[in-house]
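Inside the fold
Here are the chains, one letter per residue:
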Amino acid sequence: MASISLSNIHKLYPNGYAAVRDVSLDIRDGEFMILLGPSGCGKSTTLRMIAGLETISAGDLHIGGARVNDVDPADRDVAIVFQNYALYPHMTVADNLSFGLRLRNVERRIIEGRVATIAGMLGIGDLLARKPAQLSGGQRQRVALGRALVREPKAFLLDEPLSNLDAKLRASMRTELIKLHRTLGTTIVHVTHDQVEAMTMGERICIMKDGVIVQVGAPMEVYRNPVNTFVAGFLASPPMNLLHGMLDSDRISIGDVVLPLPQSLRRAFASHAGRKVIVGLRPEDFHLKADAAPVAAPIEVVSVTTEVLGPEVILVGTLKNSSAELHIRCPRDFRSEPGAMTVFNYDLSQLQLFDIETTTALMRPVKI
Amino acid sequence: MFGWLISSPSLGLLFLVILFPVFWALFTSVHDYTLIAPNFDTFNGLDNYMKAAGDPEFRHTLRLTAFFVAAVVILEFALGFLIALMLHTVERFKSVYYAILLCPLLMNPVIVGLIWRMFLHPSLGIVNYLLSLVGIEPVNWLGSTKVALWTLVMVDIWHQVSFMIVLLLAGLSALPREPYEAARVDGASIFRSFWHITLPLMWPVIAVTLLIRLIFAVKTYDLIYIMTRGGPGVATDLVSYFIYRTAFVSLNIGEASAMSAILLAVILGLTAWLHRYMRSLT
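Reading the values: the criteria
Numbering of residues starts from 1 in every chain and runs along the sequence as written. Chain letters start at A and ligand numbers start at 1, both assigned in the order the entries are written. Given that the model is predicted, a residue must reach a pLDDT of at least 70 before its local features are reported, and side-chain atom pairs must reach 80 or more before they are shown or counted; all residues, however, enter totals for whole chains, interfaces and linings. Note that water and hydrogens are dropped before the side-chain values are worked out from all heavy atoms of the structure. What counts as a helix is a DSSP run of H or I of at least four residues, what counts as a strand is a run of E of at least two, and both are numbered from the N terminus. A 1.4 Å probe rolled over the protein chains alone gives each residue an accessible area, and that area as a share of the maximum for its type sets the label: buried under 20%, exposed over 50%, partly exposed in between. Contacts were defined at the residue level, with two residues in contact if any of their heavy atoms lie within 4.5 Å. Using the Shrake-Rupley algorithm and a 1.4 Å probe, accessible areas are obtained, with residue cover drawn only from the displayed protein chains. Charge counting treats Lys and Arg as positive and Asp and Glu as negative, with His and both chain ends excluded. To locate a charge, take NZ of a lysine, CZ of an arginine, CG of an aspartate or CD of a glutamate. Criterion for a salt bridge: a side-chain nitrogen of Lys or Arg within 4 Å of a carboxyl oxygen of Asp or Glu. For this analysis, a polar contact is any N or O atom pair within 3.5 Å, provided that within protein one partner can donate a hydrogen and the other can accept it, and provided that sequence-adjacent residues contribute only side-chain to side-chain pairs. One fewer than the residue count of a helix, multiplied by 1.5 Å, yields its expected span. Each direction from the helix axis to a C-beta atom contributes to the arc, which is the arc of those directions. Comment: axis = line fitted to C-alpha atoms, over the contacting stretch for helices; angle = value between 0 and 180 degrees taken between N-to-C directions. Angular relationships are summarised with four words: roughly parallel below 35 degrees, roughly antiparallel beyond 145, roughly perpendicular across 65 to 115, and oblique for the angles in between. Crossing handedness follows the turn of the near helix against the far one: under a right angle anticlockwise gives a left-handed crossing, and clockwise gives a right-handed one. By the convention adopted, Pro, Cys, Tyr, Trp, Phe, Met, Ile, Leu, Val and Ala count as nonpolar, Lys, Arg, Asp and Glu as charged, and the other residues, Gly among them, as polar. Pairing between strands is defined by DSSP: at least two bridges between the two strands are required. A simple way to read buried area is as the amount of 1.4 Å-probe accessible surface that goes missing from two parts once joined, with both sides added.

Turning our eyes to something else, we now look at the overall build of chain A. Each helix and strand counted, chain A has 9 helices and 20 strands in total. Scored against the burial criterion, the 368 residues of chain A give a buried share of 51%. The long-range fraction of contacts in chain A, counting pairs at least 24 apart against all pairs at least 6 apart in sequence, stands at 66%. Surface exposure of chain A reaches about 16,200 Å², of which carbon and sulfur atoms provide 51%. Across chain A, the 40 positively charged side chains and the 39 negatively charged ones have centroids separated by 3 Å.

Once that is clear, we can look at the side chain of R147(A). Summarising the element assignment, R147(A) is placed in helix α4 (residues 137-149). Despite its burial, R147(A) pairs with no opposite charge; the closest candidate is D186(B), at 4.4 Å N-O. There is a polar contact of 3.2 Å between the side chain of R147(A) and the backbone oxygen of Y85(A). For R147(A), the contacting residues outside a window of four places in its chain are Y85(A), A86(A), L87(A), Y88(A), N96(A), L97(A), A182(B) and D186(B).

Turning to helix α3 (residues 108-122) of chain A, a few remarks are in order. All names here are of chain A. Relative to the 21 Å expected for 15 residues at 1.5 Å per residue, α3 spans 21 Å between its end C-alpha atoms, a close match to the ideal helical length. When we look at burial in α3, the residues that qualify are I111, V115, I118, A119 and L122. Down the axis of α3, the buried set is contained in an arc of 100°. They therefore lie on one face. Opposite the packed face of α3, turned more than 90 degrees from it, sit the exposed residues R109, E112, T117 and G120.

Using the criterion set out here, one finds 27 salt bridges over all chains in the structure. Ionic pairing is found between D186(B) and R151(A), a salt bridge with its closest N-O pair at 3.2 Å. Pair noted here: D186(B) is in helix α8 (residues 178-186) and R151(A) is in the loop between α4 and β7 (155-159), and the two residues belong to different chains. One salt bridge in this structure joins E284(A) and R329(A), with 3.8 Å as the shortest N-O distance. In this pair, E284(A) is assigned in the loop between β14 (275-281) and β15 (286-287) and R329(A) in strand β18 (residues 325-330), connecting sequence segments 45 residues apart. A relative accessible area of 22% means that E284(A) is categorised as partly exposed. Judged by relative accessible area, R329(A) falls into the partly exposed class, the value being 22%. Three or more residues are tied together by salt bridges with common partners; here these are K11(A), R48(A), E54(A), R177(B) and E181(B).

Okay, unusual backbone geometry next. Most peptide bonds take the trans configuration, and most residues that are not glycine carry a negative phi. All names here are of chain A. Residue S237 is joined to P238 through a cis peptide bond whose omega torsion reads -5°. By secondary structure assignment, the location of P238 is in the loop between α8 (229-234) and β11 (241-247). A positive phi angle, close to 50°, is found at D22, a residue other than glycine. Position of D22 among the secondary structure elements: in strand β2 (residues 18-27). Unlike most non-glycine residues, A86 shows phi in positive territory, near 50°. Within the fold, A86 resides in the loop between β6 (78-81) and α2 (93-103). Judged by relative accessible area, which is 4%, A86 ranks as buried.

Let us now look at the packing of helix α3 (residues 56-89) of chain B against helix α7 (residues 148-173) of chain B. All names here are of chain B. Relative to each other, α3 and α7 sit at 45°, their axes nearing to 6 Å. Here α3 lies oblique to α7, going by the angle between them. Along this stretch, α3 crosses α7, giving a crossing that reads as right-handed. Tallied by class, the residues present in the contact of α3 with α7 amount to 25 nonpolar, 4 polar and 2 charged.

Residue and element names in this part refer to chain A. Across the sheet, 6 strands lie side by side as β6-β7-β8-β3-β9-β10; this open sheet has mixed pairing. Every other strand in the sheet has two partners, leaving β6 and β10 (212-217) as the edge strands with one partner each. Averaged over all neighbouring strand pairs, the angle between strand axes comes to 15°, with direction disregarded. One ladder, built from 5 bridges, connects β7 with strand β8 (residues 187-192); its direction is parallel. Residue pairing for β8: L157 is matched across the bridge by V189.

Another point: the interface of chain A and chain B. Between chain A and chain B, the contact holds 24 residues from the first and 16 residues from the second. Buried area between chain A and chain B, both sides added, is near 1,700 Å², and the carbon and sulfur share of it is 60%. A per-residue breakdown of the area chain A buries against chain B is headed by Y88(A), H90(A) and L103(A), which together make up 30% of the total. If you look at where chain A meets chain B, you find 2 salt bridges.

What follows concerns the environment of F216(B). Residues and elements named next belong to chain B. Tracing the backbone through its elements, the reader meets F216 in helix α9 (residues 190-218). We classify F216 as partly exposed; its relative accessible area is 49%. F216 sits 97 residues away from F119 along the chain, and the two C-alpha atoms are 25 Å apart.

What follows deals with the pairing of strand β4 (residues 58-63) of chain A. Residues in a regular strand point their side chains to alternate faces of the sheet. Residues and elements named next belong to chain A. In this sheet, β4 lies alongside strand β1 (residues 4-12) in antiparallel orientation, the contact comprising 5 bridges. Residue S7 lies in a different strand from β4, and its bridge partner there is D60. As paired strands, β4 and strand β5 (residues 66-67) are joined by 2 bridges and run antiparallel to one another. Along β5, the bridge assignment pairs I63 with A66. In textbook terms, the turn of a hairpin is the stretch between consecutive antiparallel strands, and for β4 and β5 this stretch comprises 2 residues, one of which, G64, has a positive phi near 60°.

This next bit is on the environment of M341(A). All names here are of chain A. Of note, M341 is situated in strand β19 (residues 341-347). Assessed through its relative accessible area of 46%, M341 is described here as partly exposed. Distance from M341 to V304, taken between C-alpha atoms, is 9.7 Å for residues 37 residues apart in sequence. Residues in contact with M341, not counting those within four places in the same chain, are E300, V301, V302 and K320.

Residue and element names in this part refer to chain A. With respect to the helices and strands, the residue N96 is situated in helix α2. What makes N96 buried here is its relative accessible area of 1%. Once residues lying within four places of it in the same chain are set aside, the contact partners of N96 are L87, Y88, M91, P132, V143 and R147.

Take the packing of α3(B) against helix α11 (residues 239-248) of chain B next. All names here are of chain B. Look at α3 against α11: their axes get within 8 Å of each other, and the N-to-C directions meet at 150°. Classified by the angle between their axes, α3 and α11 sit roughly antiparallel to one another. Residues E57, F58, T61, L62 and T65 of α3 form the contact with α11, whose participating residues are V239, F242 and R245. Partitioning the contact of α3 with α11 into residue classes produces 4 nonpolar, 2 polar and 2 charged.

In structure tokens:
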């Protein structure tokens, strides 16, 4: 068990490409931290630097309080689970599990005991004699996980471990990882590009883009208060609707649609009055009933198409006299013909505004 | 039917240049067929085989060939694998190294033989000259019965080691990268990674490389013809050259055919064994 601390970490490749720039992040002992971002954002590179598989160009990395920049991966006492499992193809499952322990000259009796325990825990006890080629994707994933677990390391580093699994298996492995974390209490750093994984698994999410950290926070915190349009548009599916609008002292105009600003927000946004802004509207903040939210404003939406998902319906529509598309979460019995108009009541307390040039969020009062 | 029709020209050609000569040789090997009396009048069964098997000179060439093959295959493999491992980690000028290494392989064995015969000439060759510069006595590279076979082994390594390097390097670059990273985190040193991951994963490639090199080494003929003609005495009289001498110097085609058949059987046996061994690995 150990905390992991990154201070001003840089990764510069010889060709001049900066994969990670000035990343500072404190991961608490026993925390489940998610590194989230689109591909190429530097999240895997960051993880590999923690593991010691990539050198750190600048900055300091501490694991359990000790600076480990120049410590060999073997001596950092962390375990990594790779996206494509990286099992030793010529070894049996049992050998795969025990390899790390054998390299550390652990007593045979102890190795056998630990392998049996972990295999039982992950439900791979009857696969021990098989080779990786004879296993399914899910089973391989378990073996890869088992190989990390069996060493009882200070921290687990998971590099997109679920992305090669099918949707159903991914969902169940997600739950298992959460349970595992609860049982072991070990620090976990989990890299993913899947925002569902990030939202459901992490205690905190660190969102990265182009090699820098954009926002760090608890899942609902980053979801409710995204620092910029990137985070707003990246989290959740469908993501936040981002529309161009005009901010006045008491209202926001999005094309022909005018939303009155609630009293509580007027003062916060007063200094920005008269400027063009990006308006962020979450799909679930639109309601069919007028009394669903205390401060609501009617918005007329022209239906383009509806996506019936079962538990809910996503309406893809446009604002009246506008081509800008927006997504709206509707109850499962909602139906709308293309071209038909529906009046929704938007919950104004959830309104988010972003600077049109810097794309950063305009500060909202903490409590509204 | 159509498939057979369009492949028949190639099949016909293969039959003409491979199957026919093999069967002709097998047919000849059970007759008393010499170039003095080139006819199939006398059928003598396995006499040629018995004669070959009992011939101490033939047995000597077999032993010599076995030694030569073992020496070149083992040394070329060891050297080739070492260079391949080194080249595998090289990032800059890889193509330059490749080009240099491939040069010997692209040369005709006759040219290789001639070049080395000049290099190794006892009094005029550059090798002895260079040795004399550092005070080493001239060596009779091809004239001494003790040195000649090793000289041939050395020239063969110079000529053929690139073949090993190229094949092994291709195998190395096809290895997955992830298990190495997993092993690094698991705590494996470079040597243990090599022993526990590279070697087992490379086995199929190694086996194929060894097999191919082995078959070609058994058939070594041109180097001998150009450099030593089997001499001094019979010190470098490898089996291929001995068969040639039996056929075209002693003019005894029948017995030479029998020897060829024995050699063919040995190579076939080796191939079958290695093939089965490889399949058991995968």
